[in-house]
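Each chain, letter by letter, is given below.
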Amino acid sequence: MTRKTVRDYIRTIPDFPTPGIMFRDITTLLADPRGFRMCVDQILHPYADQRIDKVVGLEARGFILGGAVAHQLNKGLVLVRKKGKLPAATLSQDYNLEYGSATMEIHDDALQAGERVLIVDDLLATGGTAEAGIKLCERLGAEVVGCSFIVDLPDLGGRERLTALGIAVDALCA
Ligand code: 5GP
């Protein structure tokens, strides 16, 4: 019997949320205790010897992963949210979507200058969401040690986009 990999716990749903999109559904991974633990362990593996002061989760599935990763590291979790969701004073960062643009926000006191952060999200596509998260962290003076994802969709160029910013990118599967 071959051992299941993280990829084996993820299912692909055709035509969600719109026709033609093949949506990677990670709820089946999260629902399986072995799958979820394997995923968190593998996200942490490259950072075993590095100092990380905070974990930053990108809305919304990055919050689930970020919470587990932060708990495992015994570090705090910082939320990067869509515009208008955070209650206190924020910094905003616009980014482009295929059609139009969107805005991510962070509390302006969420990170201290010099803190080393690991950004986590479920999936890397064009890299726009992660780039907005990186910029928000850097505008607060933090150093982004890396960005970790469960899934990388390599055809969409996100890895190249983030690597061009000098950020280490890790993904558990494609
Ligand atoms: P990007 O900004 O890299 O183009 O898109 C990544 C964001 O879109 C992530 O926050 C991710 O949660 C979401 N996303 C886009 N496509 C998918 C998908 O197929 N599955 C999941 N789980 N998330 C997706």
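This is a predicted model, so every value here is computed, not measured.

Draft legend 1. Expanded view of the site of the ligand. Close to the ligand lie M22, F23, R24, R61, D121, D122, L123, A125, T126, G127, G128 and T129, which account for all nearby residues. At a separation of 2.8 Å, an oxygen atom of the ligand approaches a polar backbone atom of G127. The backbone of G128 places a nitrogen or oxygen atom 3.4 Å from an oxygen atom of the ligand. Coverage of the ligand by the protein chains reaches 82% of its 510 Å² of free accessible surface. Elements represented by at least two residues in the shell around the ligand include exactly β2 (22–25), β7 (116–124) and α4 (128–139). Residue composition of the shell around the ligand, grouped by class: 4 nonpolar, 4 polar and 4 charged.

Draft legend 2. Representation of α4. Here α4 contains 12 residues, and its C-alpha end-to-end distance of 16 Å stays within 8% of the 16 Å for a straight helix at 1.5 Å per residue. Buried within α4 we find G128, A130, E131, A132, G133, I134, L136 and C137. Two residues or fewer past α4, G141 is found with a positive phi of approximately 90°.

Draft legend 3. Up close: the nonpolar core. I106 and L111 are the most contacted members of the largest nonpolar core, which has 27 residues in total. Listing elements by their share of this core, those giving two or more residues are β3 (54–58), β4 (76–82), β5 (90–96), β6 (101–107), β7, α4 and β8 (143–152). Ranked by the residues each element gives to this core, the list is headed by α4, at 5 residues. Those residues in contact with L111, other than ones at most four positions away along the chain, are K54, V56, V78, I106, V117, C137, L140 and A142.

Draft legend 4. Main features of the pattern of salt bridges. Summed over the entire model, instances satisfying the criterion amount to 9 salt bridges. Put simply, E59 and R81 hold a salt bridge, and the shortest N to O gap is 3.1 Å. With E59 in the loop between β3 and α3 (61–73) and R81 in strand β4, this residue pair connects regions lying 22 residues apart in the sequence. With a shortest N-O distance of 2.6 Å, E131 and R161 are connected by a salt bridge. In this pair, E131 is assigned in helix α4 and R161 in helix α5 (residues 158–163), connecting sequence segments 30 residues apart. The class for E131 is buried, based on a relative accessible area of 13%.

Draft legend 5. View of the side chain of D122. Within the fold, D122 resides in strand β7. Within the structure, the side chain of D122 is placed 2.4 Å from the side chain of R61, a separation counted as a polar contact. Not counting residues up to four positions away in its chain, the partners in contact with D122 are I26, R61, G62, L65, F149, I150 and V151.

Parameters and conventions
- Residues numbered from 1 in each chain as written.
- Predicted model: local features only at pLDDT ≥ 70, side-chain atom pairs only at ≥ 80, totals over all residues.
- Heavy atoms only, no water.
- Near = heavy atom within 4 Å.
- Polar contact = N/O pair within 3.5 Å; in protein donor to acceptor, adjacent residues only side chain to side chain.
- Areas by Shrake-Rupley, 256 points an atom, 1.4 Å probe, with all protein chains shown as cover.
- Helix = DSSP H or I, 4+ residues; strand = E, 2+ residues; numbered from the N terminus.
- Nonpolar A, V, L, I, M, F, W, Y, C, P; charged D, E, K, R; others polar.
- Expected span 1.5 Å × (residues − 1).
- Buried < 20%, exposed > 50% of the residue type's maximum accessible area, 1.4 Å probe, protein only.
- Core = buried A, V, L, I, M, F, W, Y, C linked by side-chain atoms within 4.5 Å.
- Contact = heavy atoms within 4.5 Å.
- Salt bridge = Lys/Arg side-chain N within 4 Å of Asp/Glu carboxyl O.

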